[in-house]
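Examination of the molecular architecture
Chain residues, written in single-letter form:
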Amino acid sequence: MNSYFPFVRPRNGGLSGFLFCLALCGATVLRAQSTDQQGTAQVQPPVPPPPRESAPDADPPDEAETTPAMFPRPETDRIWISGQANIISQWHPAFPSPYQGVHSLTPQAQDASSRVLTIFTGLRVTRTTEFLCDAQETGGHGIGEALGLAGATNLDVVRNPALSKLPYIARLMWHQIIPLGGVQQAQTRNQYSLFSTLPERRLEMRFGKFSMADFFDNNSYGTDSNLQFMNWTVDNNGAYDYAADTRGYTFAALLEYHDKFGVIRFAEALMPKVANGINLDADLNRAHAENLELELHGHVLRLQPGVLRLLTFVNHANMGDYQQAIEQYEASQSTSTPMAAPVITNHPLQTTIKYGFGINFEQPLNDWIGIFGRWGWNEGQHESYAYTEVDQTDQIGVGGNGKRWGRKFDRLGLVFVSNGISRWHQEYLADGGIGFLLGDGRLNYGRENIVEGYYTLHLWKGLYPAFGVQHINNPGYNRDRGPVVVPTLRAHVEF
């Protein structure tokens, strides 16, 4: 089961940006068509070595296997226009909670629904150059407004409900191909790449606004909240505190090297000014992030080809130190004005470093089911800053499609995730400290363990209803609270 449309949390902008995106793409299309018709100076790609036929083992993509949509997409590979709508409704019954803090998941029964509407547009101007522009609109809420859980239950929910609800530019990027060989491979076109064929050995460069999770830490069985799992720490590595604003996007430069063995990708990106902030810090001397991933393709024993991804990241930003915050709090207890709790943001403007590592694998067992997993760790001394409050995570699951019973476009999966935090992070929360997601006022620490299962039905054309359930032990790493059960209904439409 491959996910052709990995989804990342939406971001902010405005109606003017939304209209600008569509106008820009439309104007560029008209100009390109006019240029072709007049036969004037059309940009040509670099001249590669003498071309050969496609590699013998590079089979063309099976168009019948691509995700069906409500309307047929353009036949030409010069233009991409598509859309999608994702609506998620969740509920949890009352659960045990002897106390709660300002960032606790509410123990009373509650329900919430979210929506994300997206328009994807793209224009290929030459055989090696394209421009992509996406616009989104979001609304609704998540249970607890996405507070109180490290593994929040709805990946579509923005962590700041006070943000504008107007449409905004989600992605705006230049994608450039640099061929390094003549052997061509057939490609399945999607909203991130319009090319129907690409050199087997090549460089790919991207510049502009996008998400690190669009290209790093992907997994065919667990990346897409539209058709697959919905928990934050299932579809992404929870310990990967990737550079992003509140909605999950950043401005970055990405370089990828593709060859037979797989892919090496590196990105330099902007960090937010404050934890979970909507504004990015453009001062690269003070804040920036490096992301590096090695993606290996190959066989294990006699199984089908699998994928192993090795990830590392280094963030430079104005991050607080848990140990220093605790020491500052403890020192204040012997003064006339003791602090009520440690405060991670109580420090001068500074640049600190947070780094981490991740492992991600997927292994098909046959043509309809496979296993996947992730492991992640970050140093845990500096505050969780951009994604979620996880310093270590383990994940194992199965995912597949309904091909075995004649429903190849159905999706299904079951996964177990265990999240943890560092000793200093634990002590900070136990002393009453508040993170951007967590804060029960005190803490009886235990790992946050999550089980999630789902089934997505291909009902008709581009309509995909789904149901799922999540069971969470020790919500927010607190043994005194929970467990929490979260049934889910989802409606997804592909246009």
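Check the entry above for the structure.
Quick caveat, the model's predicted, so the values are computed rather than measured.

The complete set of buried residues in helix H3 (residues 322–332) reads Tyr 322, Ala 325, Ile 326, Tyr 329 and Ser 332. All buried residues of H3 fall inside an arc of 125° around its axis, so they share one side. Packed against the buried residues of H3 are helix H4 (423–430). For H3, the N-terminal cap is Asp 321; the gap from its side-chain oxygen to the backbone nitrogen of Gln 323 is 2.8 Å.

Turning our attention to the packing of H3 against H4. For any two helices packed against each other, the geometry is given by the interaxial angle and the distance between the axes. Contact geometry for H3 and H4: axes closest at 9 Å, N-to-C directions at 40°. Here H3 runs over H4; the crossing is left-handed. Where H3 approaches H4, its residues Tyr 322, Gln 323, Ala 325, Ile 326 and Glu 330 are matched on the opposing element by Trp 424, His 425, Glu 427 and Tyr 428. When grouped by side-chain class, the residues that make up the contact of H3 with H4 number five nonpolar, two polar and two charged.

Core analysis: the largest hydrophobic core is formed by 49 residues, its most contacted members being Met 212 and Phe 216. Elements with a minimum of two residues in this core: strand E8 (250–259), strand E9 (262–269), strand E11 (306–317), H3 and H4. Not counting chain neighbours up to four residues away, the residues in contact with Phe 216 comprise Tyr 240, Leu 254, Arg 265, Phe 266, Ala 267, Asn 291, Leu 292, Glu 293 and Leu 311.

Here we take up empty space enclosed by the protein. Under the defined criterion, the tally for this structure stands at two cavities of 30 Å³ or more. Approximately 60 Å³ is the volume found for the second largest cavity. Along the walls of the second largest cavity sit Gln 90, Leu 105, Gly 142, Ile 143, Ala 146, Leu 147, Leu 149, Ala 152, Thr 153, Asn 154 and Val 157, which together make up its complete lining. Broken down by class, the residue content of the lining of the second largest cavity amounts to seven nonpolar, four polar and no charged.

Before going further, it helps to examine the packing of aromatic side chains. Going through the model one piece at a time under the given rule, you end up with 19 aromatic pairs. Ring centres 5.8 Å apart and planes at 45° place the aromatic pair Phe 229 and Phe 372 in the tilted group. Of this pair, Phe 229 sits in the loop between strand E7 (202–210) and helix H2 (232–235) while Phe 372 sits in strand E13 (residues 369–378), and the two are 143 residues apart along the sequence. As far as burial versus exposure is concerned, Phe 229 and Phe 372 are alike and both buried. One residue, Arg 423, lies across the ring of Trp 424, its end atom 4.5 Å from the ring centre. Arg 442 extends its terminal NZ or CZ atom over the ring of Tyr 99, reaching a point 3.8 Å from the ring centre.

A few words now on unusual backbone geometry. Between Gly 482 and the following residue, Pro 483, the backbone shows a cis peptide bond with an omega angle of 5°. On the secondary structure map, Pro 483 appears in the loop between strand E17 (463–473) and strand E18 (484–494). Located in the positive-phi region is Ala 146, a residue other than glycine, with phi close to 65°. You can see Ala 146 is positioned in the loop between strand E3 (129–140) and strand E4 (168–179). The class of Ala 146 is buried, set by a relative accessible area of 7%.

Let us look at the environment of His 492. Looking at the element boundaries, His 492 is found in strand E18. What makes His 492 buried here is its relative accessible area of 0%. Expressed as a C-alpha distance, the spacing of His 492 and Ala 466, which sit 26 residues apart in the sequence, is 8.1 Å. Residues contacting His 492, with those up to four places away along its chain left out, are Gln 84, Ala 85, Asn 86, Asn 226, Leu 227, Gly 462, Leu 463 and Tyr 464. In this structure the side chain of His 492 is engaged in a polar contact, spanning 2.9 Å, whose partner is the side chain of Asn 86.

What counts and what doesn't
Residues numbered from 1 in each chain as written. Predicted model: local features only at pLDDT ≥ 70, side-chain atom pairs only at ≥ 80, totals over all residues. Heavy atoms only, no water. Buried < 20%, exposed > 50% of the residue type's maximum accessible area, 1.4 Å probe, protein only. Helix = DSSP H or I, 4+ residues; strand = E, 2+ residues; numbered from the N terminus. Arc of directions from axis to C-beta. Contact = heavy atoms within 4.5 Å. Polar contact = N/O pair within 3.5 Å; in protein donor to acceptor, adjacent residues only side chain to side chain. Axes fitted to C-alpha atoms, helices over the stretch in contact; angles between N-to-C directions. Left-handed = near helix turned anticlockwise from the far one by under 90°. Nonpolar A, V, L, I, M, F, W, Y, C, P; charged D, E, K, R; others polar. Core = buried A, V, L, I, M, F, W, Y, C linked by side-chain atoms within 4.5 Å. 1 Å grid on protein atoms, 1.4 Å probe; cavity = no way out; pocket = protein on both sides within 12 Å on 5 of 7 lines; lining within 4 Å. Points joined across faces, edges and corners; volume = space filled by probe spheres on them. Phe/Tyr/Trp six-rings, centres within 6.5 Å; stacked < 30°, edge-to-face > 60°. Lys NZ or Arg CZ within 6 Å of the ring centre and 35° of its normal.

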